[in-house]
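Structural overview
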Amino acid sequence: MSLASTSPGLLSRTTGYLRASGVFDEAGTVDAYLEVEAALAEVEGGLGVIPAGSVAPIVAICRRELIDMDALRRDAAAVGYPIVPLVARLAALAGPHGQWVHFGTTTQDVMDTAQVLQLRRALTGVLADTRQIEVRLARLCDRHRHTAMAGRSKLQHGVPISFGYQVAVWLDQIHRTRTGLERALEAASVVQFGGAIGTLASLRGDGIRVRRALAARLDLREPAISWHVSRDRMARLATAIAAALAALGKMAGDIARLIATEVAELGEPAAEGRGSSSTMPQKRNPVMCEAIVEAARNVQHVPGLLLDCMLQEHERGIGHGYRERAALCDAVRQLSGAGTLALDLLAGLEVNTDRMQTNLGLTRGLIHAEAVMIHLAGTLGRIEAHHVLRQVAREVMTSGRDMQTALAAIGVDVPEEVFSAPGQIAPAQEMIDQVLEMVQAS
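Here's a quick rundown of the structure. Because the structure is predicted, anything quoted here is derived from the model rather than measured.

Looking now at the overall build of the chain. Assigned secondary structure in the chain consists of 18 helices and four strands. On C-alpha atoms alone, the chain measures out to a radius of gyration of 29 Å, which is more than a quarter above the 22 Å that the 2.2 N^0.38 rule sets for 442 residues. When the backbone C-alpha atoms are referred to their principal axes, the chain occupies close to 100 × 50 × 35 Å. Counting over 442 residues, the chain shows a buried share of 50%. Contacts in the chain between residues far apart in sequence, at least 24 positions, make up 75% of those at least 6 positions apart. Counting every atom, the chain has about 20900 Å² of accessible surface; 54% of that belongs to carbon and sulfur. Once the 44 positive and 48 negative side-chain charges of the chain are each reduced to a mean point, those two points are 2 Å apart.

Now for the environment of glutamine 115. Checked against the element boundaries, glutamine 115 lands in helix α6 (residues 107-143). Those residues in contact with glutamine 115, other than ones at most four positions away along the chain, are Arg231, Met234, Glu324, Arg325 and Leu328.

Another aspect to go through is the environment of valine 135. For valine 135, the location among the structural elements is in helix α6. For the pair formed by valine 135 and asparagine 359, sequence separation is 224 residues and the distance between their alpha carbons is 28 Å.

Across five bridges, strand β1 (residues 148-153) lies against strand β2 (residues 156-162) in antiparallel orientation. Bridge pairing in β2 links alanine 150 to proline 160.

So, about the packing of helix α1 (residues 15-24) against helix α12 (residues 321-347). The contact between α1 and α12 brings their axes to 6 Å, and the two run at 155°. One finds that α1 runs roughly antiparallel with respect to α12. Seen along the crossing, α1 lies across α12 with a hand that is right-handed. Contacts between α1 and α12 pair Thr15, Gly16, Tyr17, Arg19, Ala20, Ser21 and Phe24 from the former with Arg325, Cys329, Val332, Arg333, Gln334, Ser336, Gly337 and Thr340 from the latter. Each residue belonging to the contact of α1 with α12 can be placed in one class, and the counts come to five nonpolar, seven polar and three charged.

Our focus in this paragraph is the packing of aromatic side chains. Scanning the entire structure with this criterion turns up three aromatic pairs. On the basis of an interplanar angle of 80° and a centroid distance of 6.1 Å, the ring pair of phenylalanine 163 and tryptophan 170 is categorised as edge-to-face. Both residues of the pair, phenylalanine 163 and tryptophan 170, belong to the buried class.

Let us now look at the side chain of arginine 178. Examined against the element boundaries, arginine 178 turns out to sit in helix α7 (residues 163-188). If we skip the residues at most four places from it in the chain, arginine 178 touches Leu127, Thr130, Arg131, Glu134 and Ser442.

We now examine the pattern of salt bridges. As enumerated under the stated definition, the model contains 27 salt bridges in all. The partner of aspartate 172 in a salt bridge is arginine 176, and the shortest N-O contact between them spans 3.1 Å. A residue pair is termed a helical-turn pair when its members lie 3 or 4 positions apart in one helix, as aspartate 172 and arginine 176 do in helix α7 at four residues. By relative accessible area, aspartate 172 is classed as partly exposed at 21%.

The next point concerns helix α8 (residues 207-217). For α8, the full list of buried residues reads Gly207, Val210, Arg211, Leu214 and Ala215. Down the axis, α8 shows its buried residues gathered within 135° of arc, on one side only. Where α8 is buried, its residues touch α2 (26-46). Looking one or two residues beyond α8, the residue adopting positive phi is aspartate 219, at roughly 60°.

Here the focus is unusual backbone geometry. Its identity is not glycine, yet leucine 200 carries a phi of approximately 60°, on the positive side. Structurally, leucine 200 can be placed in the loop between α7 and α8. What makes leucine 200 buried here is its relative accessible area of 6%. Even without a glycine there, the phi angle at histidine 314 is positive, about 50°. Among the structural elements, histidine 314 can be located in the loop between α11 (302-308) and α12. Taking the relative accessible area as the measure of exposure, histidine 314 reaches 70% and is therefore exposed.

A few words on the state of the cysteines. Every disulfide links exactly two cysteines, by a covalent bond between their sulfur atoms. Here the structure, examined in full by the defined rule, presents zero disulfides. Free of any disulfide, cysteine 141 has its nearest cysteine sulfur in cysteine 289, 18 Å distant.

For α6, built from 37 residues, the straight-helix expectation of 54 Å at 1.5 Å per residue is met to within 8% by its first-to-last C-alpha distance of 54 Å. Burial within α6 is extensive, with 26 of its 37 residues counted as buried.

What follows covers a nonpolar patch on the surface. A cluster of nonpolar side chains, contributed by Val79, Tyr81, Val84 and Tyr322, occupies part of the molecular surface with about 390 Å² of accessible area. Checked against the element boundaries, tyrosine 322 lands in helix α12.

The residue asparagine 359 is located in helix α13 (residues 353-360) in this model. For asparagine 359, a relative accessible area of 2% puts it in the buried group. Engagement of the side chain of asparagine 359 in a polar contact is seen with the backbone oxygen of valine 263, the distance being 3.0 Å. A polar side-chain atom of asparagine 359 sits 2.7 Å from a polar atom in the side chain of glutamate 265.

Quick notes on the rules
Residues numbered from 1 in each chain as written. Predicted model: local features only at pLDDT ≥ 70, side-chain atom pairs only at ≥ 80, totals over all residues. Heavy atoms only, no water. Helix = DSSP H or I, 4+ residues; strand = E, 2+ residues; numbered from the N terminus. Rg over C-alpha atoms; globule rule 2.2 N^0.38 Å. Buried < 20%, exposed > 50% of the residue type's maximum accessible area, 1.4 Å probe, protein only. Contact = heavy atoms within 4.5 Å. Areas by Shrake-Rupley, 256 points an atom, 1.4 Å probe, with all protein chains shown as cover. Lys, Arg positive; Asp, Glu negative; His and termini not counted. Charge placed at Lys NZ, Arg CZ, Asp CG, Glu CD. Pairing = 2+ DSSP bridges. Axes fitted to C-alpha atoms, helices over the stretch in contact; angles between N-to-C directions. Parallel < 35°, antiparallel > 145°, perpendicular 65-115°, else oblique. Left-handed = near helix turned anticlockwise from the far one by under 90°. Nonpolar A, V, L, I, M, F, W, Y, C, P; charged D, E, K, R; others polar. Phe/Tyr/Trp six-rings, centres within 6.5 Å; stacked < 30°, edge-to-face > 60°. Salt bridge = Lys/Arg side-chain N within 4 Å of Asp/Glu carboxyl O. Arc of directions from axis to C-beta. Disulfide = S-S within 2.5 Å. Expected span 1.5 Å × (residues − 1). Patch = residues over 30% accessible without salt bridge, like charges linked within 9 Å, V, L, I, M, F, W, Y side chains within 5 Å. Polar contact = N/O pair within 3.5 Å; in protein donor to acceptor, adjacent residues only side chain to side chain.

Have a look at this one:
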C-alpha cells in the first residue's frame, strides 16, 4: 500500500482495486490502444480497404514490448495525446506496411474505443463480485429472517424488525444498482469510429462497413452516429457506478453503526492487527466498513463531472477528455475495491443475536408502542390512543417502570401477544420472499 497521503488506504490492497488498476494503468491503456489498432487493420484488410498483405505485419507489431515506453511518454507529453507518437512508432516498425497503420481513423476514435474496452474489462470483474455479494446477502437474509432486532428511525428505536429484513433492504438495493450498472455498461459498449470530424469522409463509401466490422471484431455495438461529443453514455455509466457504490456504502454504514460499543449487534471479521488503535488496545475499529463508505463518498461527484463533460463545443470539444477518463477510472477502481471488501466483510460477519434480543428490551417495552396504539385504536380511536401512549412513554422514560406496568397503572389492559416481536415481524416475511425470489431469478 502506498504511504502517500492520497492513497485509498485499505482499499488499495484489495484484489478488486489492484485488478482494476491493472486494467487502467499505463500498460493496460497502451495494450488497449494496440488492440484497437490491430483490430482495425484486420477488418480493413478483410474488406479490401488496405492491402491484405499488410495485415499480418501490422498485427505483429501491435505489441507493447516492441514500444519504447520512455520515448512514448516523452513524445505524448509534447503532443498532448499518446496516439500520434504511438502510431508513428508502429508505422516505423511496420516498414513498408506502415502507411496502412491507423488508416482512416483519428486519435479520439482509438482513445474512446480503448476506454470502452477497458471499462468493460474492469467492470466485468466488479459485476461478478457483486453477484457473489448478493449470494452471500441472500443466505444471511434467509438465515436471519426471524431473528428479531430493533428497527431504528432517526437513530432511535422504532418498531421490531428482523435482521433478515434489514439485510433484504441492503440486498434489494445492491441487486437493483448492479442490474442498472449492467444496463449502463451495455449501453456504453459502443465502438467509436468516425475519422477526423466524425463523418468517415476519409474512407468515402467504406466507412460504415469498416465501422460495422470493427464493432463486430471487438464485440461492441455500432452507434447510429459518431459520439465524439455525445458523452451521455459515459455520464449514465458514471451515475450507475456511483449508485452501485452508494448501495454498498449504505450497507457498510449500517453495519458500522451496529458494531458500535453501545449496540454490539454485529462485528467485522476478526483478523490480526486489523482495525487496531495506536493508543487504545481494546479497540477493533470497523475499518472495512469505513473504507467502503469512504469509497462511496469519494465518487459522489463523478456523475456531475461527467454531465459537465457532455457540454462540448461543435464536433470536437476541448478540456474534457482527460477529466472524463480520470474520473471514470478512479470510480471503477473505488467500486472494484469496495466490492472485494464487501465480500470479505460478509464472509466473516459476526452476528450477535443475543445482543439483538437484549437491545429490544432497552426501552422497557416502548418499542411496541405502535402495536399497542393500533390495538387501542379500536376502542379509543387512533388519535386518542396516540395521545395516551405519549403520556405513558414519558412515564416509562422517567420512572424506570416498563410499559405494561405503566399501562396497567392507568387501567389500560393490553394482551401479552401485542408485545410480541415475532408477531410484528411476520408481515414482512412476504417482502423478504419477494427480494430473495428476484435475486434468485436474475
